[in-house]
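Fold and geometry: a report
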Amino acid sequence: MVHYEIEGGHRLEGECRIQGSKNAVLPMMAAALLQKGTVILHNCPRILDVFCMIRILEHLGCRADWEDNTLMIDAYELRNCSVPREEAKKMRSSVILLGALLGRCRRAVLSYPGGCVIGARPIDLHLTALEKMGAHLCQEEEDIYVETEGLKGAKISLRIPSVGATENILLGAVLADGTTIIRNAAREPEIVELSRMLRQMGAKITGDGTSCICIRGVRKLHETEITVIPDRIVAGTYILAAAGCQGSLYFPQVPARQLVCLKELFIHWRMTWREDGAGLYVCGRQNYPAVPYLETKPYPGFPTDLQSPLAAVLLKAEGESHIRETIFESRFRAAGEFCKMGADVKIEKEVCKIRGSRHLHGAVMDAYELRGAAALIVAGLMAEGCSVVRDEGFLMRGYEHIVEDLHEAGASIISRRCSPSL
Ligand code: UD1
């Protein structure tokens, strides 16, 4: 258990570097399995989800070495094609190993994946797509056994533009026999990054970043070296923290084009958003209007991963805000904790209603999932007095140095390891 102790009311100011993207690097690590050499990933964040993926890759037979934030994965020889159950349970992204393992070994065993408790999170799209490509599935209790005589290209229309399913299909299709077309594919920047890496390895992919991706299977992929893009969700969290704390922050290399939905909010709030080449300067203000209605959507819409940090900012907005969560059904766990700070927040089915108030007081709050935990930190920074966010390790799954980053920007925040009973 980690306790984050925050004294609210400090203005954020200065420069903030953004770590490499969690959601980009995890599928890249899976892609390393598709070649028999070493893949080098620069700007790799040292976060729990990456460590979990490393443990899985090592179990499969890979060797992983770090040099600062560079991760080297040697996948010359695999001795195993089954993902250890305890690691699969910890991280939902383990499911994307299915496509890569089928491509490399033609077999895979996986337990139903875990991850943050933010909704049902089925994997039917992953499994039906792989079946369509010639994989045979057998499910025994919690384990899924998948086998193929060789994946074949297929035409796949996704019912929902699932990020993970699009990645899984890409990873399976690059070494498949023939051409695969994904319709209603996810368009997230992380899909573009995975495609960029796979192309560097010799794959033939077009259309990534659009809703129709075409993959022509090749016989072999080779080693590569690539720099992971900055994490747009971490950047978005800090940008929203600046909005909530009248902060003035400069981000030297932030993916501003991927955050247009935040720029629109800054315009609505009459706050400063200034892009200069690779950098972004944002500056908050004391009084800002509520957001009458906003829906989370697949990219380029407002990301579900920033919904809770946005809700934190709206606790102090003037008027009533409504946020509709359309991606994950149980993603308002942070809202109950906001009420402990005196906030007026109500959940009605998939809509979160927030009546803004200038006064938030510090409170002891519990984190239930990664982005909700980040939102509680943002709320703690905005409140008067001291807050404690009790977290079982969710934040460390995705934020490499949230305490150091915010501390450097002027926040009063420390983290303390505690026994669960405290
Ligand atoms: C990824 C991100 C996560 C982000 C989410 C949505 C990673 C590691 N995680 O998660 O941070 O919040 O995208 O942007 O990249 N669905 C099904 N069946 C499936 C798969 C998905 O019904 O087989 C549904 C999900 O329940 C959800 C929606 O599709 O309602 C979108 O999920 P998906 O895009 O797959 O999210 P993840 O890839 O798990």
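Because the structure is predicted, anything quoted here is derived from the model rather than measured. (Residues numbered from 1 in each chain as written. Predicted model: local features only at pLDDT ≥ 70, side-chain atom pairs only at ≥ 80, totals over all residues. Heavy atoms only, no water.)

Focus: the domain arrangement of the chain
As assigned here, the chain comprises domain 1 (2-19 + 230-417) and domain 2 (22-219). Distance between the C-alpha centres of domain 1 and domain 2: 30 Å. Between domain 1 and domain 2, the residue contacts involve 22 residues of the former and 24 residues of the latter. Interface area, domain 1 with domain 2, both sides summed: about 1900 Å², of which 52% is carbon and sulfur. Looking only at domain 1, the three residues that lose the most surface to domain 2 are Y299, R397 and E400, adding up to 34% of its buried area. Remark: the boundary between domain 1 and domain 2 carries 2 salt bridges. (Domains from an automatic or database assignment. Contact = heavy atoms within 4.5 Å. Buried area = accessible area lost by both parts, 1.4 Å probe. Salt bridge = Lys/Arg side-chain N within 4 Å of Asp/Glu carboxyl O.)

Brief notes about the pairing of strand 10 (residues 179-183)
The two faces of the sheet receive side chains in turn, since in a regular strand these alternate between them. Examined bridge by bridge, strand 9 (residues 155-157) and strand 10 share 3 bridges and lie parallel to one another. Bridge pairing links K155 to I181 in strand 10. The parallel pair strand 9 and strand 10 is bridged by helix 6 (residues 163-173), and the resulting crossover is right-handed. Direction of pairing for strand 10 relative to strand 12 (residues 212-216): antiparallel, over a ladder of 5 bridges. Across the sheet, T180 pairs through a bridge with I215, a residue of strand 12. (Pairing = 2+ DSSP bridges. Helix = DSSP H or I, 4+ residues; strand = E, 2+ residues; numbered from the N terminus. Right-handed = clockwise from strand over helix to strand, strands pointing away.)

As for the side chain of H126
As for its placement among the helices and strands, H126 is situated in helix 5 (residues 124-132). Residues in contact with H126, not counting those within four places in the same chain, are R92, V95, S162, G164, A165 and N168.

Focus: the sheet that holds strand 23 (residues 412-417)
Read across the open sheet, the 4 strands follow the order 21-22-1-23; overall the sheet is mixed. Edge positions in the sheet fall to strand 21 (364-366) and strand 23, since each has one partner strand and no second. Sheet twist, expressed as the mean angle between neighbouring strand axes with direction ignored, is 20°. For strand 1 (residues 2-7) and strand 22 (residues 386-391), the ladder comprises 6 bridges, and the chain directions are antiparallel. Across the sheet, Y4 pairs through a bridge with V389, a residue of strand 22. (Axes fitted to C-alpha atoms, helices over the stretch in contact; angles between N-to-C directions.)

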